[in-house]
Amino acid sequence: MWTEQAIIGQEENTPDSAISLTPQVFLFASISVTLIGFLVGFIEYRFINALFKPYRFVVKLLGKFVFYLLFMELLVFVTFIIAASIEQNSSMFSSVVWDKYQVFFGSITHASTLIQLAFSMLLSLFYVEVSEHLGHSVLTNFITGKYHRPKSETRLFMFSDMKSSTHIAETLGHDTYFEFLASYYNDLSDAILRHKGEVYQYVGDEIVLTWPSTTARFVPLSLDCFYAMKADLERRRPFYLERYGVYPDFKAAIHIGEVTTGEIGALKKDIFFTGDVLNTAARLQSECQTYGVDLLVSKAVVDAVPSAQYPFESLGSVQLKGKTQAVEVFLVGV
(Lines give C-alpha, C1' and ligand atoms only; values in the text may rest on other atoms or scores of the structure.)
Protein backbone atom coordinates (compact mmCIF):
# COMPACT_ATOMS: atom_id res chain seq x y z
CA MET A 1 0.00 0.00 0.00
CA TRP A 2 2.83 2.41 0.85
CA THR A 3 4.46 1.74 -2.55
CA GLU A 4 1.18 2.45 -4.28
CA GLN A 5 0.67 5.69 -2.36
CA ALA A 6 4.20 6.83 -3.16
CA ILE A 7 3.63 6.25 -6.87
CA ILE A 8 0.19 7.83 -7.29
CA GLY A 9 0.48 10.41 -4.52
CA GLN A 10 -2.76 9.42 -2.79
CA GLU A 11 -3.44 8.64 0.81
CA GLU A 12 -6.09 6.01 0.17
CA ASN A 13 -6.39 3.06 -2.21
CA THR A 14 -8.85 3.18 -5.06
CA PRO A 15 -11.87 1.29 -3.66
CA ASP A 16 -12.86 -0.34 -6.97
CA SER A 17 -10.15 -3.00 -6.78
CA ALA A 18 -9.81 -3.32 -3.01
CA ILE A 19 -11.28 -6.27 -1.14
CA SER A 20 -12.77 -5.49 2.26
CA LEU A 21 -11.07 -7.36 5.09
CA THR A 22 -14.06 -9.21 6.50
CA PRO A 23 -13.52 -12.05 9.02
CA GLN A 24 -14.21 -14.60 6.28
CA VAL A 25 -11.70 -12.96 3.90
CA PHE A 26 -9.10 -12.72 6.69
CA LEU A 27 -9.51 -16.42 7.51
CA PHE A 28 -9.20 -17.37 3.85
CA ALA A 29 -6.10 -15.17 3.43
CA SER A 30 -4.42 -16.67 6.50
CA ILE A 31 -5.05 -20.23 5.37
CA SER A 32 -3.99 -19.40 1.79
CA VAL A 33 -0.66 -17.90 2.83
CA THR A 34 0.15 -20.98 4.92
CA LEU A 35 -0.80 -23.43 2.17
CA ILE A 36 1.05 -21.43 -0.49
CA GLY A 37 4.19 -21.51 1.67
CA PHE A 38 4.01 -25.30 1.93
CA LEU A 39 3.22 -25.60 -1.79
CA VAL A 40 6.19 -23.46 -2.86
CA GLY A 41 8.51 -25.40 -0.54
CA PHE A 42 7.27 -28.72 -1.93
CA ILE A 43 7.65 -27.60 -5.55
CA GLU A 44 11.14 -26.23 -4.89
CA TYR A 45 12.31 -29.38 -3.10
CA ARG A 46 10.76 -31.98 -5.39
CA PHE A 47 10.88 -30.39 -8.83
CA ILE A 48 12.38 -26.95 -9.42
CA ASN A 49 15.67 -27.42 -7.59
CA ALA A 50 16.33 -30.69 -9.45
CA LEU A 51 15.27 -29.13 -12.77
CA PHE A 52 17.77 -26.25 -12.52
CA LYS A 53 20.52 -28.16 -10.69
CA PRO A 54 22.67 -28.77 -13.84
CA TYR A 55 22.77 -25.06 -14.74
CA ARG A 56 25.26 -22.42 -13.69
CA PHE A 57 24.44 -19.86 -10.99
CA VAL A 58 23.05 -17.02 -13.17
CA VAL A 59 20.88 -19.28 -15.33
CA LYS A 60 19.55 -21.06 -12.23
CA LEU A 61 18.78 -17.78 -10.47
CA LEU A 62 17.01 -16.15 -13.42
CA GLY A 63 15.20 -19.35 -14.41
CA LYS A 64 13.78 -19.84 -10.93
CA PHE A 65 12.90 -16.14 -10.72
CA VAL A 66 10.86 -16.20 -13.95
CA PHE A 67 9.12 -19.44 -12.96
CA TYR A 68 8.15 -18.23 -9.49
CA LEU A 69 7.07 -14.80 -10.78
CA LEU A 70 4.63 -16.44 -13.21
CA PHE A 71 3.58 -18.93 -10.55
CA MET A 72 2.90 -16.15 -8.04
CA GLU A 73 0.88 -14.20 -10.63
CA LEU A 74 -1.26 -17.31 -11.12
CA LEU A 75 -1.72 -17.63 -7.36
CA VAL A 76 -2.65 -13.94 -7.06
CA PHE A 77 -5.26 -14.47 -9.77
CA VAL A 78 -6.80 -17.55 -8.10
CA THR A 79 -6.77 -16.16 -4.56
CA PHE A 80 -8.17 -12.78 -5.66
CA ILE A 81 -11.09 -14.45 -7.45
CA ILE A 82 -11.88 -16.61 -4.41
CA ALA A 83 -11.50 -13.71 -1.95
CA ALA A 84 -13.69 -11.48 -4.12
CA SER A 85 -16.38 -14.14 -4.31
CA ILE A 86 -16.31 -14.46 -0.51
CA GLU A 87 -16.54 -10.69 -0.08
CA GLN A 88 -19.41 -10.36 -2.60
CA ASN A 89 -21.08 -13.54 -1.35
CA SER A 90 -21.44 -14.71 -4.92
CA SER A 91 -20.13 -17.34 -7.30
CA MET A 92 -16.52 -17.14 -8.51
CA PHE A 93 -17.92 -17.03 -12.04
CA SER A 94 -20.24 -14.09 -11.46
CA SER A 95 -19.76 -10.92 -13.52
CA VAL A 96 -19.31 -8.85 -10.33
CA VAL A 97 -16.27 -10.89 -9.30
CA TRP A 98 -14.68 -10.81 -12.75
CA ASP A 99 -15.34 -7.09 -13.20
CA LYS A 100 -13.61 -6.52 -9.87
CA TYR A 101 -10.61 -8.58 -11.01
CA GLN A 102 -10.38 -6.66 -14.30
CA VAL A 103 -10.21 -3.41 -12.36
CA PHE A 104 -7.59 -4.93 -10.01
CA PHE A 105 -5.50 -6.30 -12.91
CA GLY A 106 -5.15 -2.84 -14.47
CA SER A 107 -4.64 -1.04 -11.18
CA ILE A 108 -1.53 0.33 -9.53
CA THR A 109 -2.28 -2.06 -6.64
CA HIS A 110 -1.62 -5.03 -8.92
CA ALA A 111 1.55 -3.47 -10.31
CA SER A 112 2.94 -2.63 -6.87
CA THR A 113 2.08 -6.11 -5.61
CA LEU A 114 4.07 -7.68 -8.46
CA ILE A 115 7.00 -5.31 -7.92
CA GLN A 116 7.18 -6.11 -4.22
CA LEU A 117 6.81 -9.85 -4.83
CA ALA A 118 9.50 -9.77 -7.52
CA PHE A 119 11.94 -7.84 -5.34
CA SER A 120 11.50 -10.03 -2.28
CA MET A 121 11.59 -13.17 -4.42
CA LEU A 122 14.83 -12.16 -6.13
CA LEU A 123 16.49 -11.44 -2.79
CA SER A 124 15.26 -14.74 -1.35
CA LEU A 125 16.44 -16.75 -4.35
CA PHE A 126 19.80 -14.99 -4.34
CA TYR A 127 20.27 -15.81 -0.66
CA VAL A 128 19.26 -19.45 -1.17
CA GLU A 129 21.57 -19.96 -4.16
CA VAL A 130 24.56 -18.28 -2.50
CA SER A 131 23.82 -20.25 0.66
CA GLU A 132 23.80 -23.48 -1.37
CA HIS A 133 27.25 -22.69 -2.74
CA LEU A 134 28.81 -21.54 0.55
CA GLY A 135 26.71 -23.50 3.03
CA HIS A 136 23.82 -22.00 5.00
CA SER A 137 25.69 -21.75 8.30
CA VAL A 138 28.77 -20.25 6.64
CA LEU A 139 26.76 -17.52 4.91
CA THR A 140 24.78 -16.79 8.08
CA ASN A 141 27.98 -16.56 10.12
CA PHE A 142 29.53 -14.18 7.60
CA ILE A 143 26.44 -11.96 7.61
CA THR A 144 26.14 -11.86 11.40
CA GLY A 145 29.91 -11.58 11.89
CA LYS A 146 29.81 -14.37 14.46
CA TYR A 147 33.42 -15.39 13.82
CA HIS A 148 34.82 -12.03 12.71
CA ARG A 149 36.84 -12.20 15.91
CA PRO A 150 38.24 -15.71 16.58
CA LYS A 151 36.53 -17.51 19.43
CA SER A 152 37.05 -20.77 21.28
CA GLU A 153 34.22 -23.29 21.26
CA THR A 154 33.63 -26.99 21.70
CA ARG A 155 32.58 -28.77 18.52
CA LEU A 156 31.76 -32.23 17.26
CA PHE A 157 33.46 -33.51 14.08
CA MET A 158 32.92 -36.48 11.79
CA PHE A 159 35.62 -37.39 9.29
CA SER A 160 34.28 -39.74 6.60
CA ASP A 161 36.37 -41.27 3.84
CA MET A 162 35.34 -43.34 0.82
CA LYS A 163 36.71 -46.87 0.75
CA SER A 164 38.93 -47.97 -2.17
CA SER A 165 38.68 -44.53 -3.75
CA THR A 166 42.04 -44.78 -5.51
CA HIS A 167 41.06 -48.05 -7.19
CA ILE A 168 37.66 -46.65 -8.16
CA ALA A 169 39.23 -43.50 -9.63
CA GLU A 170 41.67 -45.56 -11.70
CA THR A 171 38.88 -47.84 -12.90
CA LEU A 172 36.46 -45.07 -13.90
CA GLY A 173 38.85 -42.43 -15.23
CA HIS A 174 38.87 -38.84 -13.98
CA ASP A 175 35.84 -37.59 -15.95
CA THR A 176 33.52 -40.42 -14.89
CA TYR A 177 34.99 -40.39 -11.38
CA PHE A 178 34.00 -36.73 -11.06
CA GLU A 179 30.38 -37.64 -11.90
CA PHE A 180 30.63 -40.57 -9.48
CA LEU A 181 31.77 -38.24 -6.67
CA ALA A 182 29.02 -35.73 -7.48
CA SER A 183 26.40 -38.50 -7.18
CA TYR A 184 28.01 -39.74 -3.96
CA TYR A 185 28.00 -36.30 -2.32
CA ASN A 186 24.45 -35.63 -3.48
CA ASP A 187 23.14 -38.91 -2.07
CA LEU A 188 24.67 -38.16 1.34
CA SER A 189 23.26 -34.63 1.51
CA ASP A 190 19.74 -35.46 2.67
CA ALA A 191 20.96 -37.45 5.67
CA ILE A 192 23.34 -34.64 6.64
CA LEU A 193 20.57 -32.03 6.44
CA ARG A 194 18.09 -34.19 8.34
CA HIS A 195 20.57 -34.58 11.19
CA LYS A 196 21.59 -30.89 11.39
CA GLY A 197 25.13 -31.50 10.16
CA GLU A 198 27.27 -28.81 8.55
CA VAL A 199 29.72 -29.65 5.77
CA TYR A 200 33.00 -28.11 6.80
CA GLN A 201 35.12 -29.41 3.92
CA TYR A 202 35.09 -31.66 0.90
CA VAL A 203 38.64 -33.00 0.55
CA GLY A 204 38.77 -35.27 -2.48
CA ASP A 205 36.54 -38.20 -1.53
CA GLU A 206 36.54 -37.20 2.15
CA ILE A 207 33.77 -35.20 3.84
CA VAL A 208 34.33 -33.37 7.13
CA LEU A 209 31.10 -32.68 9.01
CA THR A 210 30.65 -30.63 12.15
CA TRP A 211 27.96 -29.91 14.74
CA PRO A 212 27.98 -26.78 16.91
CA SER A 213 27.41 -28.45 20.26
CA THR A 214 28.32 -31.44 22.39
CA THR A 215 24.99 -31.63 24.21
CA ALA A 216 23.07 -34.87 24.53
CA ARG A 217 21.02 -33.77 21.51
CA PHE A 218 23.79 -33.29 18.96
CA VAL A 219 26.09 -36.20 19.74
CA PRO A 220 23.42 -38.86 19.08
CA LEU A 221 22.47 -36.89 15.96
CA SER A 222 26.00 -37.39 14.59
CA LEU A 223 25.78 -41.15 15.18
CA ASP A 224 22.31 -41.30 13.66
CA CYS A 225 23.63 -39.28 10.72
CA PHE A 226 26.33 -41.87 10.01
CA TYR A 227 23.82 -44.72 9.82
CA ALA A 228 21.37 -42.62 7.79
CA MET A 229 24.13 -41.86 5.28
CA LYS A 230 24.85 -45.59 5.04
CA ALA A 231 21.17 -46.41 4.56
CA ASP A 232 20.69 -43.76 1.85
CA LEU A 233 23.69 -45.06 -0.08
CA GLU A 234 22.47 -48.65 0.24
CA ARG A 235 19.13 -47.69 -1.31
CA ARG A 236 21.04 -46.27 -4.25
CA ARG A 237 23.23 -49.36 -4.71
CA PRO A 238 21.43 -50.54 -7.92
CA PHE A 239 21.96 -47.10 -9.48
CA TYR A 240 25.72 -47.12 -8.82
CA LEU A 241 26.22 -50.70 -9.99
CA GLU A 242 24.25 -50.08 -13.18
CA ARG A 243 25.77 -46.66 -13.96
CA TYR A 244 29.37 -47.10 -12.78
CA GLY A 245 29.86 -50.79 -12.03
CA VAL A 246 31.08 -49.97 -8.49
CA TYR A 247 29.43 -49.00 -5.21
CA PRO A 248 30.72 -46.24 -2.90
CA ASP A 249 31.07 -47.26 0.74
CA PHE A 250 32.76 -45.22 3.44
CA LYS A 251 34.28 -45.33 6.92
CA ALA A 252 34.19 -42.57 9.53
CA ALA A 253 35.31 -41.39 12.95
CA ILE A 254 33.65 -38.99 15.38
CA HIS A 255 35.41 -36.90 18.01
CA ILE A 256 34.68 -33.92 20.27
CA GLY A 257 37.00 -31.17 21.36
CA GLU A 258 37.78 -27.51 21.67
CA VAL A 259 38.69 -25.49 18.60
CA THR A 260 39.41 -21.90 17.73
CA THR A 261 36.97 -20.71 15.07
CA GLY A 262 37.30 -17.60 12.95
CA GLU A 263 37.32 -16.00 9.53
CA ILE A 264 40.56 -16.56 7.66
CA GLY A 265 41.95 -15.73 4.22
CA ALA A 266 42.99 -12.63 2.31
CA LEU A 267 41.80 -13.35 -1.25
CA LYS A 268 38.95 -15.65 -0.16
CA LYS A 269 37.32 -15.62 3.25
CA ASP A 270 36.39 -18.87 4.93
CA ILE A 271 35.25 -20.04 8.36
CA PHE A 272 38.23 -22.00 9.70
CA PHE A 273 38.67 -24.37 12.65
CA THR A 274 41.98 -25.05 14.33
CA GLY A 275 42.60 -27.46 17.16
CA ASP A 276 43.89 -30.88 18.09
CA VAL A 277 40.38 -32.33 17.79
CA LEU A 278 40.58 -32.24 13.99
CA ASN A 279 43.95 -34.03 13.87
CA THR A 280 42.70 -36.63 16.34
CA ALA A 281 39.49 -37.25 14.38
CA ALA A 282 41.47 -37.66 11.13
CA ARG A 283 43.92 -40.12 12.75
CA LEU A 284 41.05 -41.96 14.39
CA GLN A 285 39.35 -42.40 11.04
CA SER A 286 42.49 -44.01 9.58
CA GLU A 287 42.32 -46.62 12.37
CA CYS A 288 39.03 -47.94 10.91
CA GLN A 289 41.09 -49.85 8.36
CA THR A 290 43.31 -51.29 11.10
CA TYR A 291 40.32 -52.73 12.97
CA GLY A 292 38.28 -53.54 9.86
CA VAL A 293 35.29 -51.44 10.95
CA ASP A 294 33.27 -48.59 9.44
CA LEU A 295 32.92 -46.36 12.52
CA LEU A 296 35.11 -45.46 15.49
CA VAL A 297 34.46 -42.88 18.17
CA SER A 298 36.48 -41.39 20.99
CA LYS A 299 35.77 -41.67 24.71
CA ALA A 300 34.66 -38.03 24.68
CA VAL A 301 31.82 -39.02 22.34
CA VAL A 302 30.84 -41.99 24.49
CA ASP A 303 30.74 -39.83 27.60
CA ALA A 304 28.41 -37.34 25.88
CA VAL A 305 25.81 -39.90 24.73
CA PRO A 306 22.95 -40.75 27.08
CA SER A 307 23.54 -44.14 28.69
CA ALA A 308 22.29 -47.22 26.84
CA GLN A 309 21.33 -45.22 23.71
CA TYR A 310 24.13 -46.92 21.77
CA PRO A 311 26.13 -50.02 22.73
CA PHE A 312 29.81 -49.09 22.77
CA GLU A 313 32.75 -51.49 22.97
CA SER A 314 36.14 -50.22 24.10
CA LEU A 315 39.17 -51.19 22.04
CA GLY A 316 41.46 -49.82 24.71
CA SER A 317 43.88 -46.93 24.45
CA VAL A 318 45.39 -46.53 21.00
CA GLN A 319 48.53 -44.62 20.12
CA LEU A 320 47.46 -42.62 17.11
CA LYS A 321 50.04 -41.59 14.53
CA GLY A 322 51.62 -38.25 15.41
CA LYS A 323 50.02 -38.15 18.86
CA THR A 324 52.01 -38.19 22.09
CA GLN A 325 49.07 -39.29 24.26
CA ALA A 326 47.04 -42.44 23.67
CA VAL A 327 43.31 -42.10 22.95
CA GLU A 328 40.69 -44.59 24.12
CA VAL A 329 38.80 -45.81 21.07
CA PHE A 330 35.34 -47.38 20.87
CA LEU A 331 33.35 -49.47 18.42
CA VAL A 332 29.68 -48.56 18.00
CA GLY A 333 26.89 -51.12 17.87
CA VAL A 334 23.42 -50.60 16.40
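Please refer to the structure placed before this passage.
Not measured: the values here are computed from a predicted model.

A. Up close: the packing of aromatic side chains. What the rule picks out here adds up to 24 aromatic pairs. Between the aromatic rings of Phe157 and Phe273, the centroid separation amounts to 5.4 Å while the plane-to-plane angle is 80°, which identifies the pairing as edge-to-face. In this pair, Phe157 is assigned in strand β1 (residues 151–162) and Phe273 in strand β5 (residues 270–274), connecting sequence segments 116 residues apart. Accessibility classification places Phe157 together with Phe273 in one group, the buried group. Consider the rings of Phe239 and Tyr240, whose centres lie 5.2 Å apart with planes at 75°: the pair is edge-to-face. In this structure Tyr240 comes out as buried when scored by relative accessible area, which is 0%. Through a chain of ring-to-ring contacts, three or more aromatic side chains come together here, namely Phe77, Phe80, Trp98, Tyr101, Phe104 and Phe105. We note Lys230 situated over the ring of Phe250; from NZ or CZ to the ring centre the distance is 4.7 Å. Above the face of the Phe239 ring, Arg236 is positioned so that its terminal group lies 4.1 Å from the ring centre.

B. Expanded view of a nonpolar patch on the surface. Together, Leu27, Ile31 and Leu35 line one region of the surface with nonpolar side chains, adding up to about 300 Å² of accessible area. Tracing the backbone through its elements, the reader meets Leu27 in helix α2 (residues 23–52). Looking at Leu27, the relative accessible area reads 52%, which means it is exposed.

Quick notes on the rules
Residues numbered from 1 in each chain as written. Predicted model: local features only at pLDDT ≥ 70, side-chain atom pairs only at ≥ 80, totals over all residues. Heavy atoms only, no water. Phe/Tyr/Trp six-rings, centres within 6.5 Å; stacked < 30°, edge-to-face > 60°. Helix = DSSP H or I, 4+ residues; strand = E, 2+ residues; numbered from the N terminus. Buried < 20%, exposed > 50% of the residue type's maximum accessible area, 1.4 Å probe, protein only. Lys NZ or Arg CZ within 6 Å of the ring centre and 35° of its normal. Patch = residues over 30% accessible without salt bridge, like charges linked within 9 Å, V, L, I, M, F, W, Y side chains within 5 Å. Areas by Shrake-Rupley, 256 points an atom, 1.4 Å probe, with all protein chains shown as cover. Salt bridge = Lys/Arg side-chain N within 4 Å of Asp/Glu carboxyl O.

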